[in-house]
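The chain contents come next:
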Amino acid sequence: MQLKLRFIFVVFYFTAVSVFTVYIRCANNKIFYRLYATVAQQNQLKQRLWQKQLELENKINPAAISEYLRESPDTD
C-alpha cells in the first residue's frame, strides 16, 4: 500500500512539474514577444526622430536660409 502511495505521489509530482514548466515557457514567450515588439517600436520612433532632426537641421542650415532669402521676394 505504501509503495502504491509513493508511486502516485511521484506521478503527481512529475505531472505538476511538467505543467509548471509549460506554463513558465509560455509566459517566457509572451514576455519575449512583448519585449521584441517594444524594442521594434522604440527603433521606429528613433528613426522618425532622426528624420525630423535632419529636416530641422536642413531648414536652419545657413546655406538654406540664405537661399530662401534670395528666392523670397522683397516686400519692403
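Above: the structure in question.
Everything in this summary refers to the structure shown in the same document. Every chain begins its residue count from 1, and numbering advances along the sequence as written. With pLDDT at 70 or above as the cut-off, local features in this predicted model cover only qualifying residues; side-chain atom pairs require 80 or more to be listed or tallied, and sums for whole chains, interfaces and linings still use all residues. For side-chain calculations, the full set of non-hydrogen atoms in the structure is used, while hydrogens and water are omitted.

## Some words on the packing of aromatic side chains
Here's step 1: In this scheme Phe, Tyr and Trp rings, the latter by its six-membered ring, pair at centre separations within 6.5 Å, and the angle between planes marks the pair as stacked below 30 degrees, edge-to-face above 60, and tilted otherwise. In the structure shown here, the tally under the stated rule is three aromatic pairs.
Here's step 2: Ring centres of Phe-9 and Tyr-13 lie 6.5 Å apart, and the angle between their planes is 25 degrees; this geometry places the pair in the stacked category. One end of the pair is Phe-9 and the other is Tyr-13, both in helix α1 (residues 2-59) and four residues apart, which spans about a single turn.
Here's step 3: Judged by centre distance (6.4 Å) and plane angle (20 degrees), the ring pair of Phe-32 and Tyr-36 falls under stacked. Taken together, the positions of Phe-32 and Tyr-36, both in helix α1 and four residues apart, correspond to about one turn of that helix.
Here's step 4: Any residue under 20% of the maximum accessible area for its type is buried, any over 50% is exposed, and the rest in between are partly exposed; the area is computed with a 1.4 Å probe on protein chains only. Residue classification places Tyr-36 among the exposed positions, given a relative accessible area of 57%. A helix here means a DSSP run of H or I that spans at least four residues, while a strand means a run of E at least two residues long, and both kinds are numbered starting from the N terminus.

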